There are 2 protein chains.
Amino acid sequence: MHRLEKLFRPGSIAVVGASGDPAKLGGRVLRHLTSFGYSGRIFPINLSGKPVQGHPSWPNVLDLPEVPDSALIVLPAPLVGKALEDCAEKGILQVQILSSGFAEEGGEGIAMQEELARIASRHGMRFTGPNALGSISPADGFFGTFSSLLDTARPGPGRIGVATQSGAYGSHVYAAASFRGLGISRAIATGNEADLDVADCIDYLVEDAGTTVICAALEGCRDGGKLRRALLKAAAAGKPVIIMKVGSTEAGAAAAATHTGSLAGEDRIIDTVFRECGAYRAASIEEMIDIAYVCAIGLRPPSGDVGILTLSGGIGVLMADACIGAGLALPPMPAPAMEAILKIQPVAGGRNPIDTTAQLNGGLQIFEGISQEMMRGADLGTVIAYMAHLGRNLERFPPLEQSLAALRRNFPDRLVVAVMTHIEEIRLRLEALGIPVFEDPTRAVRAVAGATFSRVLQQAARAAPPVAAAPPLRLETGNEATAKAALRAAGIPVLPEHVCTSAEEARAAAEALGFPVVMKILSADIPHKTEVGGVLVNVADAAAATEGFHELLRRARSAKPSARLDGVLVAPMVRGGLETIIGVQRDPVFGPMVMFGLGGVAVELFSDVAFATAPLTPVRAEALIDAVRGARLLQGWRGSPPLDRQALAEALCRLSEFAVAHEDSIASVEINPFLVREEGGIALDALISPREEAARATAMAD
Amino acid sequence: MHRLEKLFRPGSIAVVGASGDPAKLGGRVLRHLTSFGYSGRIFPINLSGKPVQGHPSWPNVLDLPEVPDSALIVLPAPLVGKALEDCAEKGILQVQILSSGFAEEGGEGIAMQEELARIASRHGMRFTGPNALGSISPADGFFGTFSSLLDTARPGPGRIGVATQSGAYGSHVYAAASFRGLGISRAIATGNEADLDVADCIDYLVEDAGTTVICAALEGCRDGGKLRRALLKAAAAGKPVIIMKVGSTEAGAAAAATHTGSLAGEDRIIDTVFRECGAYRAASIEEMIDIAYVCAIGLRPPSGDVGILTLSGGIGVLMADACIGAGLALPPMPAPAMEAILKIQPVAGGRNPIDTTAQLNGGLQIFEGISQEMMRGADLGTVIAYMAHLGRNLERFPPLEQSLAALRRNFPDRLVVAVMTHIEEIRLRLEALGIPVFEDPTRAVRAVAGATFSRVLQQAARAAPPVAAAPPLRLETGNEATAKAALRAAGIPVLPEHVCTSAEEARAAAEALGFPVVMKILSADIPHKTEVGGVLVNVADAAAATEGFHELLRRARSAKPSARLDGVLVAPMVRGGLETIIGVQRDPVFGPMVMFGLGGVAVELFSDVAFATAPLTPVRAEALIDAVRGARLLQGWRGSPPLDRQALAEALCRLSEFAVAHEDSIASVEINPFLVREEGGIALDALISPREEAARATAMAD
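Quantities reported herein were computed from a predicted structural model and do not represent experimental measurements.

Rules of the game
- Residues numbered from 1 in each chain as written.
- Chains lettered and ligands numbered in written order.
- Predicted model: local features only at pLDDT ≥ 70, side-chain atom pairs only at ≥ 80, totals over all residues.
- Heavy atoms only, no water.
- Patch = residues over 30% accessible without salt bridge, like charges linked within 9 Å, V, L, I, M, F, W, Y side chains within 5 Å.
- Areas by Shrake-Rupley, 256 points an atom, 1.4 Å probe, with all protein chains shown as cover.
- Salt bridge = Lys/Arg side-chain N within 4 Å of Asp/Glu carboxyl O.
- Lys, Arg positive; Asp, Glu negative; His and termini not counted.
- Charge placed at Lys NZ, Arg CZ, Asp CG, Glu CD.
- Helix = DSSP H or I, 4+ residues; strand = E, 2+ residues; numbered from the N terminus.
- Phe/Tyr/Trp six-rings, centres within 6.5 Å; stacked < 30°, edge-to-face > 60°.
- Buried < 20%, exposed > 50% of the residue type's maximum accessible area, 1.4 Å probe, protein only.
- UniProt positions renumbered as here; feature names shortened; annotations may be inferred.
- Axes fitted to C-alpha atoms, helices over the stretch in contact; angles between N-to-C directions.
- Parallel < 35°, antiparallel > 145°, perpendicular 65-115°, else oblique.
- Left-handed = near helix turned anticlockwise from the far one by under 90°.
- Contact = heavy atoms within 4.5 Å.
- Nonpolar A, V, L, I, M, F, W, Y, C, P; charged D, E, K, R; others polar.
- Least-squares fit on C-alpha atoms with pLDDT ≥ 70 in both.
- Pairing = 2+ DSSP bridges.

*Asks:* Honestly, a positive patch on the surface in this entry has me stumped. Any pointers?
*Replies:* On the surface, a cluster of positive charge is contributed by R629 and R632 of chain A together with R629 and R632 of chain B. Within the fold, R629 of chain A resides in the loop between α21 (618-626) and α22 (645-661).

Okay, here's the thing in structure tokens:
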């Protein structure tokens with residue numbers, strides 16, 4: 001049994017703060033529990049000890065004749081701590097705290113919330129909230145929530161599990177799902193997440209046999225490791241997770257911070273984590289439900305190859321555009337399949353979409369042959385059939401129904417989707433065959449894409465071998481030279497360079513390297529050398545090298561008198577190759593994340609940069625490179641020779657391992673540029689920012 | 001009266017090919033006309049002359065006792081030409097041809113279709129189709145179509161006009177609109193468009209007093225000028241046009257070509273034309289209807305500043321993200337408004353979104369004060385109110401209804417949108433107040449964005465002054481030097497350069513310009529000089545200039561022996577500034593379109609390029625520059641000084657005028673690079689490709 005089973009599906013429940021007034025939360029919760037067929041024992045707790053809404057009550061959980069599986073606490077905030085203690089003493093160890101007035105209101109609420117976490121931790125208790133909405137399990141008749149939705153509608157039982165942080169968000173999701181006839185297995189909203197969070201609930205839903213697909217929504221995330229483990233567990237089980245994370249824009253993130261007091265985090269980081277862990281991110285609640293609707297039939301397409309069979313050329317083109325836009329492919333029908341199709345419908349147009357036109361002289365049964373020729377001929381993952389208004393016509397429907405049923409039966413692992421205006425009866429009949437039905441063509445395509453890529457991402461997440469983190473190291477932080485020495489030791493190629501503390505040394509070093517050389521000021525206090533004029537390129541001869549040494553020191557002293565100067569770095573002048581940026585940023589929630597992008601304006605103008613969790617495997621390093629559009633330049637651009645992609649991938653792997661090994665001491669590493677050449681690659685500059693110390697050093701220097 | 005009035009709203013109609021068999025198209029059309037309350041006179045035409053479906057018929061339109069306003073032709077394809085002649089002879093000059101079997105099937109169908117166009121043109125007749133679906137005007141009970149939708153549903157009267165090329169596309173649009181309770185003014189599908197096209201129908205709908213908003217969908221466009229005029233007419237009238245164009249991807253375009261035989265055209269060009277002419281392009285049928293739904297209330301927001309008032313923090317963040325993603329702004333409430341709001345609801349969070357939380361101790365009437373403080377305080381264009389499940393609760397609804405009604409009344413030119421799960425009665429009550437209601441938060445935001453930018457685009461289209469095209473010129477086509485001479489004459493700055501036909505001349509020219517210089521081979525037959533090694537940069541002295549002349553001729557002769565060589569161009573070496581590409585491409589449908597992008601990889605890797613119709617006004621040139629993301633580099637990048645944007649805008653204007661003047665002789669002009677400097681800008685290279693001759697010249701040379 002999962003450790004949260006009693007929370008999601010209690011056999012008996014106490015309502016602490018049950019009220020006789022149905023306008024109060026404690027009254028609403030009790031009414032919802034008693035009204036919808038819940039067969040478990042319900043124990044209202046009310047100080048008076050008198051009957052509440054006609055049910056006997058007890059003044060305290062300690063007075064109960066048995067230990068309920070779980071408790072819902074709906075008391076005013078200042079009373080919640082004591083009630084939680086009482087629950088613990090009674091032995092109720094899975095609790096939902098629906099009371100508000102905690103961290104979301106700031107001030108004292110924050111301290112009160114922290115106290116709840118301490119109480120639970122002391123007693124080995126787990127709880128959702130405070131400020132939670134509760135949970136529902138329609139098949140059990142369990143509606144442990146004060147959601148106002150239940151005033152007018154009640155979600156039915158089904159296969160979709162919903163876990164959200166925000167209560168209103170969650171109830172909107174299951175309401176919208178219900179209104180289109182989709183059933184819910186369990187739904188829960190975790191509120192302020194002083195203890196249990198959405199990741200814990202996903203973990204439960206993965207194990208829950210009644211749940212086929214998981215819909216989740218986060219506003220923030222405090223424990224990146226837990227979220228990753230829950231999503232990877234879903235991937236391992238092959239159970240789709242369709243997820244949303246709000247706060248993706250600056251305005252949204254600001255609003256999220258206001259609302260939940262939790263860090264919205266860098267949206268691209270969380271996007272990366274979702275993808276790596278196999279969770280498919282939906283762009284709207286409606287899209288999340290559309291995808292869950294498709295996944296709930298229990299199969300996802302084995303490939304992104306789609307066939308479009310359409311009564312209308314125009315709608316066929318619309319769907320073709322949408323497929324390409326969503327990353328799906330439309331393989332043209334091979335000649336034998338096309339020949340067979342034209343035998344059935346001589347006026348059929350196109351090779352995919354196949355436009356049968358609305359003139360069906362052979363009748364609707366022609367779709368049986370055509371659709372199967374398509375599926376088999378191009379080995380498709382999905383056939384989408386656009387059938388205009390046939391979904392409203394019960395008289396004409398049977399031959400179409402038979403055609404689609406045969407297609408479904410003969411290709412049991414492929415997806416078949418019908419798009420048409422329709423009545424409920426026809427929709428239900430197709431759904432019973434395992435065929436989702438949509439009215440809007442574009443939404444159908446996006447849902448197919450979601451189901452497809454949900455599977456692709458989970459497959460990739462499963463395939464990723466576990467990566468052993470390197471043992472932690474101690475790092476001597478300092479200037480560019482020490483940074484490069486550390487990176488060289490980690491296996492990243494850097495230029496042969498000389499640290500020079502006198503003009504004489506600089507001249508000798510330059511002569512040893514051969515002219516021209518590059519000279520740079522060396523100081524841990526000057527992380528951005530160009531800003532102080534601290535770099536000289538194309539230093540052409542011995543005299544220039546001597547003068548360059550003095551000039552760099554002059555500039556540095558004038559720009560930043562307090563900086564400790566460690567000397568001048570003399571390096572060979574390098575040309576050619578492609579300038580890239582490789583780096584690592586330690587995310588406060590998700591740990592070290594590797595970054596890759598092109599040098600120049602690509603990163604800043606076009607945000608053409610991608611992230612991946614450290615450490616990288618070679619496969620993940622390749623995927624990271626491919627996620628950057630400008631990486632096409634590595635293949636050779638306009639006739640120039642291809643560059644050493646392998647060397648780049650290796651440097652990314654080495655850097656990622658380095659970052660994990662130094663996770664405790666490093667905030668970020670930036671190698672900018674890392675030059676990728678025809679053979680090999682090389683770090684031309686490097687900056688390592690230590691954790692904590694970094695901020696202090698800057699504060700001192702400025 | 002509009003010239004197509006009798007087509008859209010005939011007072012009497014002939015059905016040529018009326019059939020007694022309701023399974024046949026001619027039977028269906030007659031049944032639809034006679035079944036839904038059409039009050040006009042209906043004249044079935046059937047060779048037999050016997051009653052059809054109980055209605056008297058005539059063997060030929062020539063036998064009719066009067067001249068009907070219009071005719072619907074549903075005969076087999078080979079009989080249509082004769083029937084069209086007969087209609088003309090009778091004086092029926094507005095006809096819809098629903099018969100298929102023409103250009104869409106290729107072969108003889110193409111010739112038959114051309115013949116129809118000739119007949120009509122001879123008689124001053126206008127017609128839709130062939131292969132059209134017909135038209136409907138629900139308020140008139142007129143359903144002149146064989147659409148199978150009418151078997152089960154009939155669109156009601158309303159304010160939305162629909163014009164599409166594809167019949168199924170059109171019927172899907174009005175079916176989907178109808179199912180959510182939206183009414184249709186007129187709808188028409190133009191089929192193969194041998195004569196009338198969607199642009200003609202838009203032109204009608206702009207003048208149609210019964211239509212408030214126009215939904216249109218194109219697959220191709222053959223007459224760019226007509227489309228522009230129709231859209232600009234709508235902009236002038238302030239009547240929103242929400243438009244779709246399918247075939248935006250290569251796969252989609254291929255399917256479109258198959259379907260309609262018309263050129264899908266460059267999607268970015270049509271996108272540019274829509275935008276310039278004030279038409280808002282929707283991404284899906286559902287989005288088109290959502291936007292039309294908002295526009296149909298008869299007002300569009302005066303600005304893109306949105307306020308979000310929400311019962312749920314999480315949904316507020318979701319909508320905030322969606323607003324930013326859609327280009328809308330969320331101005332934070334100014335201090336006085338915030339103070340007033342906190343007086344009403346002390347626990348309200350955020351400054352926009354305003355999260356009132358679900359704990360409404362003041363009751364739902366608090367929204368009256370809060371929403372008005374928001375609208376007034378930040379001078380918003382729209383307030384979106386997220387009200388969870390209150391749209392399902394008739395008991396609790398009245399105070400919310402009063403709040404929203406007061407907001408609407410006190411700010412009659414601003415948009416108010418409600419987002420909530422809801423029942424029909426509540427939706428209808430809010431719609432009666434002029435308040436659109438959505439269930440999905442993201443769709444609501446996108447619809448608000450569509451309505452807002454539809455207005456913004458139409459305003460800009462109205463504001464654009466008419467541009468007088470320059471008189472046509474004769475152009476001497478040829479090599480880079482003649483191209484630059486032509487451009488210099490047109491007012492575009494080019495480098496001082498010398499055309500040299502001997503090494504001696506080259507040396508002298510280089511000395512006169514001062515070293516270093518650039519030398520380039522000059523030949524109309526070598527449009528891409530770098531491919532043959534035809535450019536030498538950094539030519540440092542007289543000897544190198546002499547040798548360079550010979551070297552360039554050698555390379556050109558070796559790479560392309562057949563090329564006629566006009567000599568060598570000697571130009572000063574220029575450094576610094578920002579390399580851009582400016583060009584003009586003559587689109588076969590829309591004429592000369594100006595293109596702007598950055599040099600380097602930005603255009604090719606990131607497609608960071610924008611188009612505008614030639615000729616440009618200064619305002620449009622500025623907008624064109626701003627449409628390119630990389631144009632931020634003009635402001636000065638990382639401390640470098642700003643560049644001469646004005647000079648760039650002027651060059652774009654001059655080039656656009658040049659292109660219009662030479663429209664008959666030029667296929668394209670590319671100035672690559674056009675260097676924008678701190679002061680001024682300058683064309684470093686230029687290529688003019690003549691129309692027709694271009695292809696021939698290339699064929700000869702290769």
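*Asks:* Just checking my understanding: could you explain the packing of aromatic side chains for this structure?
*Replies:* Describing an aromatic ring pair means giving the distance of the ring centres and the angle of the ring planes. Residue and element names in this part refer to chain B. The final tally for this structure, using the stated rule, is 10 aromatic pairs over all chains. Measuring from ring centre to ring centre gives 5.3 Å for F36 and F143, while their planes differ by 75°; the resulting arrangement is edge-to-face. One end of the pair, F36, is in the loop between α2 (25-35) and β2 (41-45); the other, F143, is in strand β7 (residues 142-145), and 107 residues separate them in sequence. Of the two residues, F36 and F143, neither departs from the other in class, the shared state being buried.

*Asks:* Please clarify how the UniProt feature "domain: ATP-grasp" (unreviewed entry) in chain A should be interpreted in this entry.
*Replies:* UniProt tags residues 484-520 of chain A as "domain: ATP-grasp" (unreviewed entry). Measuring from the first to the last C-alpha atom of residues 484-520 of chain A gives 14 Å, for a span that is 46% helix and 19% strand.

*Asks:* When you look at helix α10 (residues 285-295) of chain B in this model, what are you seeing that I'm missing?
*Replies:* It helps to recall that an α-helix has 3.6 residues per turn; residues three or four apart then point in one direction. Within α10 of chain B, 11 of the 11 residues are buried, which leaves it mostly tucked inside the rest of the structure. Among all positions of α10 of chain B, only I285, E286, E287, M288, I289, D290, I291, A292, Y293, V294 and C295 of chain B are buried.

*Asks:* Explain the packing of helix α21 (residues 618-626) of chain B against helix α22 (residues 645-661) of chain B here, please?
*Replies:* Two quantities define a packed helix pair, namely the angle between the helix axes and the distance between the axes. All names here are of chain B. Contact geometry of α21 with α22 gives a least axis separation of 9 Å together with a crossing angle of 115°. With respect to α22, the axis of α21 lies roughly perpendicular. In terms of crossing hand, the pair formed by α21 and α22 is right-handed. In contact with P618, A621, E622, L624, I625 and D626 of α21, α22 contributes R645, Q646, L648, A649, L652 and C653. Its residues placed into classes, the contact of α21 with α22 shows eight nonpolar, one polar and three charged.

*Asks:* Explanation requested: the relation of the copies chain B and chain A in the structure shown.
*Replies:* The relation between the two copies of this chain is a rotation about an axis and a shift parallel to it. For the pair chain B and chain A, the relating rotation is 180°, the translation along its axis is 0.0 Å, and the fit reaches an RMSD of 0.1 Å. Such a combination of rotation and displacement between the chain copies is what one expects of a two-fold axis. Comparing contact sets, 100% of the residues at the interface of chain B also lie at the interface in chain A, consistent with an isologous, same-surface contact.

*Asks:* I'm lost on the pairing of strand β19 (residues 517-522) of chain B in this one. Help?
*Replies:* Looking down a regular strand, the side chains alternate between one sheet face and the other. All names here are of chain B. Counting buried residues in β19 gives six out of six residues, a clear majority hidden from the surface. The sheet contact formed by β19 and strand β20 (residues 535-539) spans three bridges and is antiparallel. Bridge pairing in β20 links V517 to V539. Pairing of β19 with strand β21 (residues 567-572) involves six bridges; the strand directions are antiparallel. Opposite M519, over in β21, you have V570 as the bridge partner.

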